[in-house]
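Secondary and tertiary structure notes
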Amino acid sequence: MEPLQQLDWDTRFFGFPIAKITNPAASIDELCQALDLMKSRQIPLAYWAADHPSEDVHREALQLGGRMVDEKLTFSAEVSNTPNINPSQSGLVHSCRDGMSIDDLKQLAVDSGIYSRFVVDPRFPPAKARALFEEWMLRSLDKTYADDVLVIPQANRIAGMATVVQKEGYGSIGLVAVGEEFRGRGFGEALVRAAVTYCCERGIRQIQVATQSANQPARRLYQKCGFEVSKTEFVYHFWCDGPSPPHALPG
């Protein structure tokens, strides 16, 4: 397996070469080999999504210039085991249709990414991180990244949204957000349960959603809706021009 793989989309979007370290269980020697390759190819940035690195590997990753920018949690649920939508929320969520506010949807997409590694890593300009989530929403609306965008309309606003897509036999929720002024009304729960119902109606038996460990509200929401953590990844960014500030490995 090639230790380093260039990422075409990220490279095009951010305007400079970006790659990923392919082995999630890389040893210190393998990590060094990938980073040497990165420098020889003059790639400014490499991502590494590591599966439970040891303390030694974590420490070496930091010494090699890495910054741990995300503890990524994947939540999963069997659709048949997930509680149905609350009757009081029935009819609240709809598929997005023409004429709904694109500006509201783009802002909700940005809101969904406030704990994202692209926001946490100070090397990414805030405007570029914002543009990434706006692009994600636009590509979800045109069915490139999502099969549907579920929304909660309120008067002339969109109070919340969730994107959903079928991937190789399972469902995946991509973006989820509720506007700040509409929080506390159960809209997040309604959106997640509507996504589960969407999958159930299409014969999909498992659904997943990823979030950051730091995003406590999202974690509570998914657990309330019957999801459990099925995978944890520790994501590092390596910039080739020197070490980043130390970051402790979560306990």
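Structure first, text after, so check above.
Below you will find a few notes about this structure. From a predicted model like this one, the values you see are computed outputs, not experimental measurements.

Turning our attention to the pairing of strand S3 (residues 45-50). The side chains of a regular strand alternate between both faces of the sheet. Among the six residues in S3, five count as buried, and that is most of the element. As paired elements, strand S2 (residues 18-21) and S3 share three bridges and run parallel to each other. Within S3, the position partnered with Ile18 by the bridge is Leu45. Note that the unit made of S2, helix H2 (residues 28-40) and S3 has a crossover that is right-handed.

On to the side chain of Ser76, then. Turning to its location among the elements, Ser76 is positioned in strand S4 (residues 66-78). Polar contacts involving the side chain of Ser76 include one to the side chain of Ser230, which spans 2.7 Å. For Ser76, the residues in contact, after removing those within four places along its chain, are Gln206, Ile207, Gln208, Gly226, Phe227, Glu228 and Ser230.

Within helix H4 (residues 102-112), burial applies to Asp104, Leu105, Leu108, Ala109, Val110 and Ser112. In this structure, the buried residues of H4 make contact with helix H6 (126-141), strand S6 (148-154), strand S7 (157-167) and strand S8 (170-178). For H4, the capping residue at the N-terminal end is Ser101, with a side-chain oxygen 3.4 Å from the backbone nitrogen of Asp103.

What follows covers unusual backbone geometry. At Gln42, a residue that is not glycine, the phi angle is positive and equals roughly 60°. Secondary-structure assignment places Gln42 in the loop between H2 and S3. The phi angle at Glu168 is positive, at roughly 50°, despite the residue not being glycine.

This paragraph deals with the pattern of salt bridges. Throughout the structure, instances matching the rule amount to twelve salt bridges. With its nearest N and O atoms 2.6 Å apart, the salt bridge here joins Arg139 to Asp142. Taking the relative accessible area as the measure of exposure, Asp142 reaches 37% and is therefore partly exposed. One salt bridge in this structure joins Glu181 and Arg157, with 3.0 Å as the shortest N-O distance.

The subject of this paragraph is the side chain of Ser172. Residue position: Ser172 is located in strand S8. If near-sequence neighbours (up to four positions away) are discounted, Ser172 is found in contact with Thr163, Val164, Val165, Lys167, Ile207 and Gln208.

Rules of the game
Residues numbered from 1 in each chain as written. Predicted model: local features only at pLDDT ≥ 70, side-chain atom pairs only at ≥ 80, totals over all residues. Heavy atoms only, no water. Buried < 20%, exposed > 50% of the residue type's maximum accessible area, 1.4 Å probe, protein only. Helix = DSSP H or I, 4+ residues; strand = E, 2+ residues; numbered from the N terminus. Pairing = 2+ DSSP bridges. Right-handed = clockwise from strand over helix to strand, strands pointing away. Polar contact = N/O pair within 3.5 Å; in protein donor to acceptor, adjacent residues only side chain to side chain. Contact = heavy atoms within 4.5 Å. Salt bridge = Lys/Arg side-chain N within 4 Å of Asp/Glu carboxyl O.

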